[in-house]
Amino acid sequence: MSKMEVKTSLLDNMIGVGDMVLLEPLSEETFIGNLRKRFEHNEIYTYIGSVVISMNPYKSLPIYTADKVEEYRNRNFYELSPHIYALADEAYRSLRDQDKDQCILITGESGAGKTEASKLVMSYVAAVCGKGQEVNKVKEQLLQSNPVLEAFGNAKTVRNDNSSRFGKYMDIEFDFKGDPLGGVISNYLLEKSRVVKQPRGERNFHIFYQLLSGASDDTLKKLKLDRDFSKYNYLSLDSATVNGLDDAANFRTVRNAMQIVGFMEDELQSVMELVAAVLKLGNIEFKPESRVNGFDESRVKDKNDLKEMCELLGIEQSVLERAFSYRTVEAKMEKVSTTLNVAQAYYARDALAKNLYSRMFSWLVTRINESIKAQTKSRKKVMGVLDIYGFEIFEDNSFEQFIINYCNEKLQQIFIELTLREEQEEYVREGIEWTNIEYFNNAIICDLIENNQNGILAMLDEECLRPGTVTDETFLDKLNTICAEHQHFESRLSKNSKFLTDHSLPHSCFRIQHYAGKVLYRVEGFVDKNNDLLYRDLSQAMYKANHSLMKLLFPEGNPAKVNLKRPPTAGFQFKASVGTLMKNLQTKNPNYIRCIKPNDKKASQVFTDSLVCHQVRYLGLMENVRVRRAGYAFRQAYEPCLERYKMLCKQTWPHWKGPAREGVEVLLKGLEVPEEEFAYGRSKIFIRNPRTLFFLEEKRRQCLEDLATLIQKIYRGWKCRTHFLLLKKSQVVVSAWYRRYAQQQKYKKIKSSSIVVQSFIRGWKARKILRELKYQKRCKEAVTTISAYWHGTQVRREYRKFFRANAGKKIYEFTIQKIMQKYFLGLKNTMPSMSPIDKTWPARPYLFLDGTHQELRRIFHLWRCKKYRSQFTEEKKAIYEEKLEASKIFKDKKALYPSSVGQPFKGDYLEINKNPKYQKLNSVMDEKVLLADVVNKINRANGKGAPRIFLLTKKKFVLADQKTGQVKASVPLPDLNSVSVSTQSDGFFALKLKEGTPSAAKGDFLLSSDRLIEIITKLHRTGAASAERETIGVDISDEFLVQFKQDKVCVKFIQAGPKNGNSVACKRKNNRLLEVSVPSP
Ligand SMILES: Nc1ncnc2c1ncn2[C@@H]1O[C@H](COP(=O)(O)OP(=O)(O)OP(=O)(O)O)[C@@H](O)[C@H]1O
Ligand SMILES: [Mg+2]
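Residues numbered from 1 in each chain as written. Chains lettered and ligands numbered in written order. Predicted model: local features only at pLDDT ≥ 70, side-chain atom pairs only at ≥ 80, totals over all residues. Heavy atoms only, no water.

- Looking at an unreviewed UniProt entry, the chain carries the name Unconventional myosin-Ib, with the source organism given as Astyanax mexicanus.
- According to the UniProt record, the Sequence similarities (unreviewed entry) comment for the chain is "Belongs to the TRAFAC class myosin-kinesin ATPase superfamily. Myosin family."
- Reading the Function (unreviewed entry) entry of the UniProt record for the chain gives the comment "Motor protein that may participate in process critical to neuronal development and function such as cell migration, neurite outgrowth and vesicular transport." (UniProt positions renumbered as here; feature names shortened; annotations may be inferred.)

**A closer look at the overall build of the chain**
No. 1: Helices and strands together make up the secondary structure of the chain, namely 32 helices and 31 strands.
No. 2: Against the compact-globule benchmark of 31 Å for 1081 residues, the chain has a radius of gyration of 75 Å, which places it well outside the compact range.
No. 3: In terms of principal-axis extent, the alpha carbons of the chain reach across some 205 × 110 × 55 Å.
No. 4: The buried share of the chain, reckoned over its 1081 residues, is 47%.
No. 5: In the chain, 64% of the contacts between residues at least 6 apart in sequence involve partners at least 24 apart.
No. 6: For the chain, the accessible area works out to roughly 57,700 Å², and carbon and sulfur atoms hold 54% of it. (Helix = DSSP H or I, 4+ residues; strand = E, 2+ residues; numbered from the N terminus. Rg over C-alpha atoms; globule rule 2.2 N^0.38 Å. Buried < 20%, exposed > 50% of the residue type's maximum accessible area, 1.4 Å probe, protein only. Contact = heavy atoms within 4.5 Å. Areas by Shrake-Rupley, 256 points an atom, 1.4 Å probe, with all protein chains shown as cover.)

**Here we look at the pairing of strand β1 (residues 45-48)**
No. 1: Here β1 shows a buried face lined by Tyr45 and Tyr47 and a second buried face lined by Thr46 and Ile48.
No. 2: Summarising the sheet, β1 and strand β2 (residues 51-55) pair through four bridges and their orientation is antiparallel. Bridge pairing in β2 places Tyr45 opposite Ser54.
No. 3: Here β1 folds back onto β2, and the loop between the two strands holds two residues, one of which, Gly49, carries a positive phi near 60 degrees. (Pairing = 2+ DSSP bridges.)

**Let's talk about the coordination of the magnesium ion (ligand 2)**
No. 1: Every protein donor of the magnesium ion (ligand 2) is listed here as Thr115 (OG1) and Ser164 (OG), and their distances to the metal cover 1.9 to 2.0 Å. Here Thr115 is found in helix α4 (residues 114-128), whereas its partner Ser164 is found in strand β5 (residues 163-164), with 49 residues between them in sequence. (Donors = N, O, S within 2.8 Å, 3.2 Å for Na, K, Ca; no water.)

**Details of empty space enclosed by the protein**
Rolling a probe over the atoms, with the probe sized like a water molecule, indicates the empty space that remains.
No. 1: Applying the stated criterion to the full structure yields six cavities of 30 Å³ or more.
No. 2: Space inside the largest cavity adds up to approximately 80 Å³.
No. 3: Around the largest cavity sit Met122, Val125, Ala126, Cys129, Lys139, Leu142, Leu143, Ile172, Phe174 and Pro180, which together line it.
No. 4: Residue assignment for the lining of the largest cavity shows that the elements contributing at least two residues are α4, α5 (133-153) and β6 (167-174).
No. 5: Considered class by class, the residues forming the lining of the largest cavity number nine nonpolar, no polar and one charged. (1 Å grid on protein atoms, 1.4 Å probe; cavity = no way out; pocket = protein on both sides within 12 Å on 5 of 7 lines; lining within 4 Å. Points joined across faces, edges and corners; volume = space filled by probe spheres on them. Nonpolar A, V, L, I, M, F, W, Y, C, P; charged D, E, K, R; others polar.)

**A word on the packing of helix α10 (residues 265-283) against helix α11 (residues 303-313)**
No. 1: Where α10 meets α11, the axes come as close as 9 Å, and the angle between the chain directions of the two elements is 160 degrees. Taken together, the axis directions place α10 and α11 in an arrangement best described as roughly antiparallel. You can see that α10 and α11 cross each other, and the crossing is left-handed. When α10 is examined against α11, the residues Glu273, Leu274, Ala276, Ala277, Lys280, Leu281 and Asn283 are found in contact with a partner set consisting of Asp305, Glu308, Met309, Leu312 and Leu313. (Axes fitted to C-alpha atoms, helices over the stretch in contact; angles between N-to-C directions. Parallel < 35°, antiparallel > 145°, perpendicular 65-115°, else oblique. Left-handed = near helix turned anticlockwise from the far one by under 90°.)

**Focus on the pattern of salt bridges**
No. 1: What the rule picks out here adds up to 64 salt bridges.
No. 2: As a salt-bridge pair, Arg194 and Glu202 come within 2.7 Å of each other at their nearest N and O atoms. Assigned by exposure class, Arg194 and Glu202 land together as buried.
No. 3: Here Arg203 ties to Asp247 by a salt bridge, and the two come within 3.1 Å at their closest N and O atoms. Here Arg203 is found in the loop between α6 (193-196) and α7 (206-214), whereas its partner Asp247 is found in helix α9 (residues 247-261), with 44 residues between them in sequence. Like Asp247, Arg203 is buried.
No. 4: Via salt bridges that share partners, Arg165, Glu191, Arg194 and Glu202 belong to a single interconnected network. (Salt bridge = Lys/Arg side-chain N within 4 Å of Asp/Glu carboxyl O.)

**Considering the pairing of strand β20 (residues 931-938)**
No. 1: Pairing of β20 with strand β21 (residues 945-952), which is carried by eight bridges, proceeds in the antiparallel orientation. Within β21, the residue paired with Val935 across the bridge is Arg948.
No. 2: In sequence, β20 turns back onto β21 through a hairpin of six residues, with Gly943 there showing a positive phi of about 80 degrees.
No. 3: In terms of strand pairing, β20 meets strand β26 (residues 1005-1008) through two bridges, oriented antiparallel. Bridge assignment links Lys937 to a residue of β26, and that residue is Leu1007.

**Let's talk about the side chain of Ser298**
No. 1: With respect to the helices and strands, Ser298 occurs in strand β9 (residues 296-300).
No. 2: Aside from chain neighbours lying at most four places away, what touches Ser298 is Phe286, Lys287, Phe324, Ser325, Leu340, Asn341, Val342 and Ala345.

**A look at the site of ligand 1**
No. 1: Taken together, 17 residues sit near ligand 1, with Ser110, Lys114, Thr115, Ser163 and Ser164 positioned nearest.
No. 2: Measuring from an oxygen atom of ligand 1, one finds a backbone N or O atom of Glu116 at 2.9 Å.
No. 3: In isolation ligand 1 has 620 Å² of accessible area, and contact with the protein removes 85% of it.
No. 4: Of all the secondary structure elements, the ones that give two or more residues to the shell around ligand 1 are α4 and β5.
No. 5: Partitioned by chemical class, the residues of the shell around ligand 1 number four nonpolar, nine polar and four charged. (Near = heavy atom within 4 Å. Polar contact = N/O pair within 3.5 Å; in protein donor to acceptor, adjacent residues only side chain to side chain.)

**With respect to the sheet that holds strand β17 (residues 634-637)**
Whenever strands of a sheet pair, they do so through backbone hydrogen bonds, lying parallel or antiparallel.
No. 1: An order of β17-β19-β18 is seen for the three strands of this open sheet, with the pairing classed as antiparallel. With partners counted over all chains shown, the strands left at the sheet margins are β17 and β18 (678-680), one partner each. Averaged over neighbouring strand pairs, the angle between their axes works out to 15 degrees when direction is ignored.
No. 2: Examined bridge by bridge, β17 and strand β19 (residues 684-687) share four bridges and lie antiparallel to one another. The residue of β19 that forms the bridge with Gln636 is Ile685.
No. 3: Sitting on the sheet, helix α14 (residues 399-430) is in contact with β17, β18 and β19, with an inclination near 125 degrees to β19.

**Thoughts on the environment of Ser94**
No. 1: Here Ser94 is to be found in helix α3 (residues 84-98).
No. 2: Side chain to side chain, Ser94 and Gln102 meet in a polar contact 2.9 Å long.

**Digging into the packing of aromatic side chains**
No. 1: Tallied over the full model, the rule gives 36 aromatic pairs.
No. 2: Geometrically, the ring pair formed by Tyr347 and Tyr535 is tilted, given 6.4 Å between the ring centres and 50 degrees between the ring planes. Taken as a pair, Tyr347 in helix α13 (residues 342-372) and Tyr535 in the loop between α18 (526-531) and α19 (536-543) lie far apart in primary sequence, 188 residues in all.
No. 3: Among the residues examined, Tyr347 registers a relative accessible area of 30% and is labelled partly exposed.
No. 4: For Tyr535, a relative accessible area of 8% translates into the label buried.
No. 5: Taken together through their ring pairs, the aromatic side chains of Phe399, Phe402, Phe475, Phe489, Phe510, Tyr521 and Phe526 make up a single cluster. (Phe/Tyr/Trp six-rings, centres within 6.5 Å; stacked < 30°, edge-to-face > 60°.)

Written as structure tokens, this is what we have:
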């Protein structure tokens, strides 16, 4: 263990006291109170020195985990709080390291937790011992032997649902390294009477129920069994199912465990056949049959079960049947056959069933031993685990209880011997003077039972073997005479008059004062049970069976080996095996686990004082404590002792340099512990009285408190100081930063103020300088002006005599001349282009030239236009003249005009003299055609137009059919009065004729043409050209009258709305109105 690891002790965090030896004051009350207190806190383990008391918690506690195993592994016994693991570890380690064979003796009454404790020990040892394939297999086999034996040897009783009905001692063998090699199991006295009869509320052995619930249908059929428990006389029905027990699942577990342990499939089958045979046997019934000699002879009632049983075991049915009716007695080489009555037949049947089962159980143990036995012959170390029935005191105690209690007396004896011897040996080892210890030695009770001459068992055997009538009563008589004087034997009929009037002691009973209390035994059945008789005919019948196991189980049935000697009695056998066991145990170092049952209800958290008190008494636990305390109550090696108490003395605290023993001596001296209270051993200090230990503990506690206060004090001081230092450090940092900040602010303020002051001063200085400079400048200017004037005056005064009177004028003219010259030369270089439409003109240089400049521009423009015109040919001139005329007529008057400006006036659009189509028409024309085009003649009736060719010559205009070229109308121009057009962009025009002319008879023409501007201009020009005629008037108005034959029709132009589309539409509104809608441009 490293130095830093925290060492705990049994004495730390104790609930009550962990070791009863330390109980102060010691009385039964405080003892039970301590157990109770610990039990209530789930502390189920308590020590008496090295003995572990285990209370059954009746609930699973989280104290058997792998972590716990690790915690207890390789730790000293008193180092941790009491635990069964501590004992197991101690035992295992002294076995492994000190080469001491160990035995673990587990005692306690039924349901106190012995079997569980034994399994815990085994599992702990399995967990801590070596590992490896072979080792693991051995471990597994050892552990798996438990479920097998429990299935066949355990049963539900009123006290325990899984009560072991046999005693078990198992030697686990280890090699020198501490790895398990194998084991040997011994079994003691199976309670075989249970096979044929169970007390109320109890069951037969588990295996019967497990087989019937868990086996497959197929298996059951093979075994000729029925799943229904109620079919079998040997199975008690009222408690066939047990809460929390799953028989079917357990059956699988058992089968599996048997396979792991090493049972062959056929062995398994044979065992199951035997179990089935026992069940069948129970169902065989008998009836009486009268015989001539007046006696009743028994006969098998229903042979079916008998037959099936015989088939299962391979027995000849008739042989067995006969064995149930007759009995052969051999005396002096003569065989005499007597008949059996029904009662005897039943007795024989049950005896057979019991023997069959118990022998099978013993065979199972042997078979398991074969499997688990160590394979090597080398020396082995052994750890024995004894899980044996505890002391039993019932209301009705019989032969079994007698035997069991005898066994417990023997165990107590060995306990006394071994503990005292151990104690003694330790004192010798440690060199301490041995003081005699007063204790009750139960050797005298053992002697009463087992003495070879006049012990109870010997007398029972004697009685059983005696010729003549032997009954339980004769046996009791014998006891009464022989044991009457024994101080632990009580009987009403003994000569000792003390019990003559004791009514609690019936006549058919005797009482023994066992070390654990008085027990009353009823003698009834003692003889029978001790005899354990099985008729020879039956054993011979069994021997003859054709079944692999039967010959092994009933060797006495072998006719070749007829042995007339009676088989040893049960009592004799038991005594012998107990004797062997005791011898075996004596060679080993004992470890005790004393199991206690807290209540009768199998309930957790219930602690019944009276019940526990009873157990404490008969387990002799008080004795145990006293024996333990008789010498020295407490012992501890010097090192841990010094380590624990060194703070109690200045010399040893905090470190003792020197041997631990001397340290402890100094310590105890310093504490002024009386000399007689302790003794110094070689390696241990022995403390006589628990009080002294508690005194030390109390001192230690106080000292620890003081130390804790000291540590706290120092720690708090340290904490405060570090905190203060930290604060101080922080404060310095904070103040440094603050000072820096404050200085920065101050500096900034000073800086800004100085800048203000500076700026004011600079401003003031600058202004002063500026003023000065301005003054100087003014002075300079004044000087210059004055000097200029002065110079001027001087010069004029000087030169006046040289100038003529008009010299100024001349200079002026010269200057003007120069300017004009420069102006014109400049103008010449910046002349605009010759295009009449170019509007650019250089800017004027002098204001006084404004008029001249504009005039020059106008002149230049006129000149340039003239130049332009002078380039024109005659035709082009005519065209322009025409265009000019059109402009005069229409510009700003008709909306159609602007679109015509860009179109050249072509005149002959039809090429009338070239186009052969118009040849005829051309021939009619005698003059040059000025204009030929197609126009629309508007029909007055509907406003629709019809195409006409319009021709114009110098003298007339002609309208001709477009297709035929036939002339429709030819009107001399003088007959044309005027032309009317609208102001809008339409092409309508009316040619109005002079009234009274021949042409006017047909009425005016309303025409339309896209080339209206050209047509009307040409008409106007042609008319104007002939001097004799007045010009043709052009009326531009949106409403005019047109003369159609007789009527005058008004033509009105309106602006069309947007929905009327883009084309000009003419509609007749009524007789006198034609409406032309013109789309807005
Ligand atoms: N340590 C334990 N933790 C939890 N339960 C326990 C413990 N010990 C015993 N028990 C419970 O008590 C029951 C009885 O225990 P166990 O079978 O070991 O008693 P026993 O002393 O062997 O009795 P018997 O003498 O009848 O065989 C167990 O089945 C289990 O339920
Ligand atoms: Mg048990």
